[in-house]
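# Structural features, examined
Listed below, chain by chain, are the residues.
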Amino acid sequence: MNASYPGIPLALPTLLIPYVCAGGLLFGCLFFCYIFLKTREKLHLSMTLLAMAALGLVLSEGLILFFGGIQGDAAAGRQFHRIEQLSALLFLCAFPYFIGHFLRFKGAAKRANRLVIIVGVSFASMTAVLAFAAPGLFVSLTVPHDNWLGFAGDYGRGKTGPLYGIRDILLALLFLYGTGTTIWELVRGKRAAYVAPMFAGLLFTIFMAVDDIQFVYSKAHIIPFPSFEYSRFSVGISVFIILSMIALIRRYIDEAMQREHDFETLKKTQNELFYLAYNDPLTGLPNRKSLLERLGEFIAVADRADNGTKLGFLVLDCGGFRDLSDRLGHEVGDWLMGSVAERLKTFKRKSDFLFRLDSDEFAILLTGIRDETDCAIVAEKFIADMRKPYVSGAHTLYVSPRAGIAVYPKDARDAPNLVRNAGSALVEAKTRGNDFQFYTEEIHRKALERMGLLHELRFALENQQFELHYQPQVDERGLVAGTEALIRWRHPELGLVPPSRFIPLAEETGLIIPLGRWVMGKACAEARRWADEGIDVPVSVNLSTQQLKDKNLIPLVENSIAANGLEPRNLHIEITESSLMENLDRNVSILKTIRDFGCDFSIDDFGTGYSSLSYLKKLPIRAIKIDRAFIVDLPHDAQDCALIRAIATMANGLDLNIVAEGVESAEQASFLRDAGCRIIQGYFYSKPIPYDDFVAFARGRTARK
């Protein structure tokens, strides 16, 4: 039979086609099976299943060619042909499963694809049962002997049965579904680099299937290839699977590279976070956390050595930095801190360590010192260097450094306490106006008192332990022309706490803002009460530097007046010269806005600040208050007398009222009136008194409404 079969010589090279395809598919099966075991991704499993189905189909085709064609064993050819049909049916399950994972369907598309999988599994299962139960419905086992020369395919493969076309119809629908979904994905423009190879493979497979159909009906291929007749569709599926594998391998490599990039980015971010955790981003210096660890290490080494090792710890403060930053902007402030850091780096010893603790605070750890004198020498050196000017464009900037010093082991034997004690010494240096201050037990006691006072101050603010006292301002007729509201703290144990004890602490900690808000509302409410009793005098309220910086100052004044129904003319606001001049243009704008409500302003402590007399005519003020420093020696000090007369002449020329505060004697009052001061405030008339006492004092001493 072999000798008489005309296609045998040409069939041998044809065997290379399915077996080359089978080799590629086998490699793909093993490779993606390995990847699936490593990654456990369903996409790799679906690719493995699809490649296995194609491998079964292509191997069956090769075995049909060999046994049914070359060997002439028609029975073996027909048996392998049945295996080929079952392998093709596996596509009904594996293909939509692969498509769903490859294109990453979601929502409605995912549900539709799941339905396709269910339908495919159902048809494949039913067809497989029929193929085993009634194989003749698919492939006839008997072929007339006179037919094999006319159509060798029937002899080698067996006659196609009535249900043979079901497989082709199902596969055709399946590949059309795959083509449609890939076109949809390409139109969306997502993952085109991966979808395009699979799309090309689908088109090639469809073309090969059409070629097979063409041969069935016309006995001629679209692209002729002289050989034993084999299924072009199996080649198409092989090309499709291999192209899909290439796309997935590229995707796998890209994802691996992306993961590597993400890992490098994460590692870089972790390094940056670690750096930021231990370093100041502006100056590059180690921060407080780094300081505590490094200081703890040095102390631990010194404790183990037990050889009298001493460590000096300095905390340096750049006085005036915050005001410069507020006036000139944070960019200038950042430049200034960077310049200070560079200067400190330049002048420190190699054995010392520099840190940045806060916005304007630096710390220096001194190693190998002999005694406290070494710390003092280093502190003086750094302070002298820091005081030199810093030139930035049009600005020449200065800072007023202070230093607090603590020494190990005398002042503390652990890092947190050494840092805390140096900070307490710094606070004491700023309080006393010293360049530097060593830590002492007395400083520690004061620091504890300060902390306790701060806690009690917060508690007092929450529980309304404050009250207002009023000091009358009397004009030349003896009538009360106004009064100044002065806050008092009625402590449940300490009694009446003077403002000099808690106001500076409130300024430093920011509590002056809520405290000033309470004073403004309380003063307006009580001024309205005495106005209802027929006492038509204004109340003066002091504004601090911090309050002038508060963005809610204007709404506070407006709401305090409106909420209490107070006449705006009965609220006077006092501002010190130094507060006013810190940011003159901004402050003048604020004062003019408040003046438009109907309030008046006066400059407090006139003569002790830094203002220029030329600004007086530009300021929206109605009065100036002469500081008591010029009053206390009147009328015996000739210079004070001359200054008072000059101030009075200037103020009267500018149509400004003059209030002299701190007047304690009749001689002082007489001189001031003769010099032109219209209003007097001081113990000569009354000390600051509670509300009821003030009303009693003012009744009969004010002009009736």
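Here goes a summary of the coordinates provided. (Residues numbered from 1 in each chain as written. Predicted model: local features only at pLDDT ≥ 70, side-chain atom pairs only at ≥ 80, totals over all residues. Heavy atoms only, no water.)

## A closer look at the layout of surface pockets
- Within this model, the largest pocket holds a volume of roughly 2,000 Å³.
- At the level of secondary structure, the elements contributing two or more residues to the lining of the largest pocket comprise β3 (311-319), α11 (321-328), β8 (400-408), α14 (415-432), α15 (441-462), α16 (499-509) and α18 (545-549).
- Considering every element that reaches the lining of the largest pocket, the biggest residue donor is α15, with 11 residues.
- Looking at side-chain class alone, the lining of the largest pocket contains 15 nonpolar, 13 polar and 21 charged residues. (1 Å grid on protein atoms, 1.4 Å probe; cavity = no way out; pocket = protein on both sides within 12 Å on 5 of 7 lines; lining within 4 Å. Points joined across faces, edges and corners; volume = space filled by probe spheres on them. Helix = DSSP H or I, 4+ residues; strand = E, 2+ residues; numbered from the N terminus. Nonpolar A, V, L, I, M, F, W, Y, C, P; charged D, E, K, R; others polar.)

## Let's talk about the nonpolar core
- Phe-466, Trp-530, Val-557, Leu-571, Ile-624, Ile-644 and Leu-672 are the most contacted members of the largest nonpolar core, which totals 81 residues.
- In terms of residue count, the dominant contributor to this core is helix α17 (residues 512-532) (10 residues).
- Setting aside residues no more than four positions away along its own chain, Leu-672 makes contact with Ile-631, Leu-634, Ile-644, Ala-660, Val-663, Cys-677 and Ile-680.
- Counting 42 residues, the second largest nonpolar core, distinct from the first, contains Ile-35, Leu-89, Leu-103 and Phe-240. (Core = buried A, V, L, I, M, F, W, Y, C linked by side-chain atoms within 4.5 Å. Buried < 20%, exposed > 50% of the residue type's maximum accessible area, 1.4 Å probe, protein only. Contact = heavy atoms within 4.5 Å.)

## Describing the packing of helix α19 (residues 553-564) against helix α21 (residues 584-595)
- Close contact between α19 and α21 brings their axes to 10 Å; oriented N to C, the two are set at 20 degrees. Our classification of the angle between α19 and α21 gives roughly parallel. As for the relative orientation of α19 and α21, their crossing is right-handed in sense. Facing Leu-553, Ile-554 and Val-557 of α19, the residues of α21 in contact are Ile-590, Thr-593 and Ile-594. (Axes fitted to C-alpha atoms, helices over the stretch in contact; angles between N-to-C directions. Parallel < 35°, antiparallel > 145°, perpendicular 65-115°, else oblique. Left-handed = near helix turned anticlockwise from the far one by under 90°.)

## Brief notes about the environment of Lys-345
- Residue position: Lys-345 is located in helix α12 (residues 330-347).
- The exposure class assigned to Lys-345 is partly exposed, which follows from its relative accessible area of 32%.
- A C-alpha to C-alpha distance of 9.3 Å links Lys-345 and Leu-285, two positions 60 residues apart in sequence.
- Beyond its immediate sequence surroundings of up to four residues, Lys-345 is in contact with Thr-283, Leu-285 and Leu-354.

## Topic: the packing of aromatic side chains
- One pass over the full model with this rule turns up 19 aromatic pairs.
- Relative to Phe-240, the ring of Phe-175 lies with its centre 5.9 Å away and its plane at 70 degrees, an arrangement referred to as edge-to-face. Taken together, the residues span a long stretch of sequence, with Phe-175 in helix α7 (residues 164-188) and Phe-240 in helix α9 (residues 232-278) at a distance of 65 residues.
- Under the relative-accessibility criterion, Phe-175 is labelled buried at 3%.
- Take Phe-240: its relative accessible area is 0%, and that puts it in the buried class.
- Among the aromatic residues, those joined into a ring-pair cluster are Phe-466, Trp-489, Phe-502 and Trp-518.
- The residue whose ring lies beneath Arg-251 is Phe-102, and the NZ or CZ to ring-centre distance is 5.9 Å.
- For Lys-381, the ring lying beneath its charged end belongs to Phe-382, and the centroid distance is 5.2 Å. (Phe/Tyr/Trp six-rings, centres within 6.5 Å; stacked < 30°, edge-to-face > 60°. Lys NZ or Arg CZ within 6 Å of the ring centre and 35° of its normal.)

## A short note on α14
- Over its 18 residues, α14 runs 26 Å from end to end, which matches the ideal 26 Å to within 8%, given 1.5 Å per residue.
- When we look at burial in α14, the residues that qualify are Ala-415, Leu-418, Val-419, Asn-421, Ala-422, Ser-424, Ala-425, Leu-426, Glu-428 and Ala-429.
- Where α14 ends, the next residue or the one after it, Gly-433, has phi of about 80 degrees, a positive value. (Expected span 1.5 Å × (residues − 1).)

## As for the sheet that holds β8
- Taken together, the five strands give an open sheet; going across it, the order is β4-β5-β3-β8-β9, and neighbouring strands pair in mixed fashion. Across the chains shown, the open sheet's two edge strands, defined by having one partner strand only, are β4 (353-356) and β9 (436-438). For this sheet, the mean angle separating the axes of adjacent strands, direction not counted, is 20 degrees.
- Examined bridge by bridge, β3 and strand β5 (residues 361-367) share seven bridges and lie antiparallel to one another. Its bridge partner lying in β5, Val-315 is registered against Ala-363. (Pairing = 2+ DSSP bridges.)

## What about the side chain of Asn-587?
- Assignment of secondary structure puts Asn-587 in helix α21.
- Once you skip the residues sitting within four places of it in the chain, Asn-587 turns out to touch Leu-548, Ser-579 and Leu-580.

These values are about where atoms sit, not about what they do.
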